[in-house]
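Each chain is listed here by its residues.
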Amino acid sequence: MAALMHAGNDADVAVVGAGVVGLATAWALARRGLRVLLLDRADGPALGASFANGAQLSYAYTDAMAGPALWKQLPGMLAGGDAAFRVRPSLDPHFWAWGLAFLRNATAARLQRNTLATLALALESKAAMDALLARHPIDFQHRVAGKLHVYYDAAALPKARAMIDAKRPFGVRQQLLMPAEAIAAEPALAGTRGMVGAVHSPDEEAGDPWRFCTGLLQILQAQYGMQARFGFDLRRAQRDGTHWRLHAASGDSVRVGKVAVCTGIDSHALLRTLGLASPLMAIKGYSFTAPCGIHAPVVSITDTARKLVFCRLGERIRVAGLADLNHWDPKPDPTRMQQLVAMARDSLPEGADYDAIEHRWAGLRPATPPSSPVIRQPRDGLVLNIGHGMLGWTLAMGSGERAANLLLDAA
């Protein structure tokens with residue numbers, strides 16, 4: 001393996017983005033002995049899409065967004081008939097190009113191919129997370145929670161069973177349960193109306209992504225000598241001989257040999273400055289965190305009808321949902337937040353104390369048409385690790401390993 005050229009003050013590589021993907025990439029690089037400089041425009045780690053996401057580590061449930069069912073749902077979605085999904089039409093050519101590419105993935109063959117490709121990365125991610133925690137036991141309310149994917153439409157059950165069969169050769173443990181069996185696995189579902197079945201994934205995990213990032217940052221700085229510069233709002237990257245020079249909005253700049261871009265939806269604008277086509281579309285999601293209700297679930301729950309997730313974090317419940325496609329402003333819309341709370345009340349009326357919500361949040365998921373991230377090297381010394389969509393927390397550790405290997409192989 002060739003040694004990376006030392007550049008800048010004393011860093012071999014700059015990782016841009018301090019969310020879960022960026023910190024996982026920094027960990028993968030620092031563990032291999034590289035001197036890492038972490039850059040982020042925010043004031044601290046995980047303050048973007050990683051801050052208050054659904055908190056589920058869904059290693060088994062990696063199903064792509066686009067599939068044959070989309071064609072039947074599409075008219076209602078475009079007409080605004082799906083409360084969980086909103087589309088903001090635009091004349092921007094990127095909106096139409098991305099949408100057409102997304103629809104090309106809405107076939108049975110591509111659904112399975114994309115799902116299994118993401119599953120392979122998810123399993124790598126689980127292995128990488130296990131290895132990290134064996135070495136550094138970070139406190140982020142991590143636990144093996146199990147997950148129940150609850151269905152309300154009997155027509156969806158054969159497809160769910162087929163997906164279980166497709167994942168079984170990869171060692172994924174899942175089982176289709178009838179309603180009584182699902183309630184036995186999670187008594188909080190006893191009051192659920194209209195449930196026809198559930199897919200139980202007993203090995204699924206959960207944990208607070210912000211606490212994870214904060215803990216990993218401290219380890220990287222204290223034990224691996226990583227530098228971190230927050231408030232560095234990257235606006236332009238340019239090749240400077242055998243190095244890269246990164247320019248911030250403040251006029252500050254750094255010069256490094258290698259760069260790993262892990263900036264989520266912000267990568268869209270950065271790629272354009274580099275003359276690279278962006279594969280990303282913003283899908284705005286919401287969450288709230290509240291004290292547990294009198295019948296709070298212990299198992300993580302996904303309500304497929306309302307497209308909600310419930311995840312227990314200690315004595316609190318994180319509820320996440322909604323998908324507003326082509327919405328690029330992360331500021332929460334109060335009306336949409338009210339809809340999320342109302343849908344959660346309808347799904348699990350006693351799952352959370354909905355009158356004592358402690359935190360409301362919205363974030364932008366950077367989605368690609370096949371629902372899998374882009375991990376590639378488009379230029380010498382520049383690696384992209386972007387486009388994780390709704391699975392950034394799940395895929396971060398494995399993505400970091402792949403990005404580090406790609407960067408080192410190119411050294």
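Note that the structure is a prediction, hence the values are computed from the model and not measured.

**Student:** An account of the pairing of strand β15 (residues 281-291) is needed here, citing residue identities and associated values.
**Tutor:** Where burial is concerned, most of β15 is hidden: 10 out of the 11 residues are buried. Taken together, the nine bridges between β15 and strand β19 (residues 359-367) define a ladder with antiparallel strand orientation. Across the sheet, the residue bridging to G285 is G363, located in β19. In the sheet, β15 pairs with strand β18 (residues 316-325) via eight bridges, with the strands oriented antiparallel. Residue I283 lies in a different strand from β18, and its bridge partner there is L325.

**Student:** Hey, could you go over the sheet that holds strand β9 (residues 205-206) for me, with residue numbers and the actual values?
**Tutor:** Across the sheet, three strands lie side by side as β3-β9-β5; this open sheet has antiparallel pairing. Only two strands of the sheet have a single neighbouring strand rather than two, namely β3 (56-57) and β5 (143-144). Relative to β9, β3 is paired through two bridges, and the arrangement is antiparallel. Across the sheet, L57 pairs through a bridge with E205, a residue of β9.

**Student:** Please set out helix α9 (residues 334-347) residue by residue, giving values where relevant.
**Tutor:** With 14 residues, α9 extends 20 Å between its outermost C-alpha atoms, agreeing within 8% with the 20 Å of an ideal straight helix rising 1.5 Å per residue. All of the buried residues along α9 are R336, M337, L340, V341, M343, A344 and S347. An end-on view of α9 places all buried positions within 160° of arc, on one side of the element. Across from the buried face of α9, at angles greater than 90 degrees, the exposed residues are P334 and Q338. Along its buried surface, α9 packs onto β4 (85-87), β15, β16 (300-303), β17 (308-313), β18 and β19. Regarding α9, its N-cap is D333, as a side-chain oxygen of that residue lies 2.9 Å from the backbone nitrogen of T335 further along.

**Student:** Explain the nonpolar core to me, using residue names and the numbers behind them.
**Tutor:** Among the nonpolar cores identified, the biggest contains 45 residues, and M129 and F212 are the most heavily contacted of them. Looking at this core, the elements with two or more residues in it are β1 (13-16), α1 (20-31), β2 (36-40), α4 (108-135), α7 (209-224) and α10 (392-409). No other element matches α1, which puts nine residues into this core. Sequence-distant contacts of M129, defined by excluding residues within four places in its chain, comprise Y59, F140, F212, W393 and M397. Core analysis: the next-biggest nonpolar cluster, separate from the first, contains 30 residues, A198, F288, A296 and L322 among them.

**Student:** Before we move on, could you go through the sheet that holds strand β11 (residues 234-240) and cite the residues and values that matter?
**Tutor:** Spatially, the three strands line up as an open sheet ordered β11-β12-β13, and their pairing is antiparallel. Single-partner strands in this sheet number two, and they are β11 and β13 (253-256). Ignoring strand direction, the axes of neighbouring strands in this sheet form an average angle of 20°. Where strand β12 (residues 243-248) meets β13, four bridges bridge the pair, whose relative direction is antiparallel. Pairing of R245 across the sheet is with R255, part of β13.

**Student:** So, the packing of α1 against α7: which residues are in play, and what are the values?
**Tutor:** Direction vectors running N to C along α1 and α7 enclose 25°, while the axes themselves pass 10 Å from each other. Our classification of the angle between α1 and α7 gives roughly parallel. Taken as a pair, α1 and α7 cross one another with a handedness that is left-handed. When α1 is examined against α7, the residues V20, L23, A24, A26, W27, A30 and R31 are found in contact with a partner set consisting of P209, C213, L216, L217, L220 and Y224. Its residues assigned to classes, the contact of α1 with α7 shows 12 nonpolar, no polar and one charged.

**Student:** Report on the environment of R365, specifying residues and quantitative values.
**Tutor:** With respect to the element layout, R365 can be found in strand β19. In this structure R365 comes out as buried when scored by relative accessible area, which is 16%. In contact with R365, other than residues within four places in its own chain, are M281, A282, I283, K284, G285, G321, L322, A323, G389 and M390.

**Student:** Tell me what's going on with unusual backbone geometry, and back it up with residues and numbers.
**Tutor:** Not every positive phi belongs to a glycine, and A55 is a case in point at roughly 75°. Mapping A55 onto the fold places it in the loop between β2 and β3. A positive phi is found at Q141, a non-glycine position, where the angle reads about 60°. Tracing the backbone shows Q141 in the loop between α4 and β5.

**Student:** Before we move on, could you go through the pattern of salt bridges and cite the residues and values that matter?
**Tutor:** What the rule picks out here adds up to 23 salt bridges. Notably, a salt bridge pairs D252 with R229, separated by 2.1 Å at the nearest N-O pair. Of this pair, D252 sits in the loop between β12 and β13 while R229 sits in strand β10 (residues 227-230), placing them 23 residues apart in sequence. Among the residues examined, R229 registers a relative accessible area of 30% and is labelled partly exposed. We note a salt bridge from R255 to D240, for which the minimum N-O separation is 3.0 Å. Here D240 lies in strand β11 and R255 lies in strand β13, a separation of 15 residues in the sequence. When salt bridges with common partners are traced through the structure, they connect R193, D303, R306 and D346 into a single cluster.

About the criteria used
Residues numbered from 1 in each chain as written. Predicted model: local features only at pLDDT ≥ 70, side-chain atom pairs only at ≥ 80, totals over all residues. Heavy atoms only, no water. Buried < 20%, exposed > 50% of the residue type's maximum accessible area, 1.4 Å probe, protein only. Helix = DSSP H or I, 4+ residues; strand = E, 2+ residues; numbered from the N terminus. Pairing = 2+ DSSP bridges. Expected span 1.5 Å × (residues − 1). Arc of directions from axis to C-beta. Contact = heavy atoms within 4.5 Å. Polar contact = N/O pair within 3.5 Å; in protein donor to acceptor, adjacent residues only side chain to side chain. Core = buried A, V, L, I, M, F, W, Y, C linked by side-chain atoms within 4.5 Å. Axes fitted to C-alpha atoms, helices over the stretch in contact; angles between N-to-C directions. Parallel < 35°, antiparallel > 145°, perpendicular 65-115°, else oblique. Left-handed = near helix turned anticlockwise from the far one by under 90°. Nonpolar A, V, L, I, M, F, W, Y, C, P; charged D, E, K, R; others polar. Salt bridge = Lys/Arg side-chain N within 4 Å of Asp/Glu carboxyl O.

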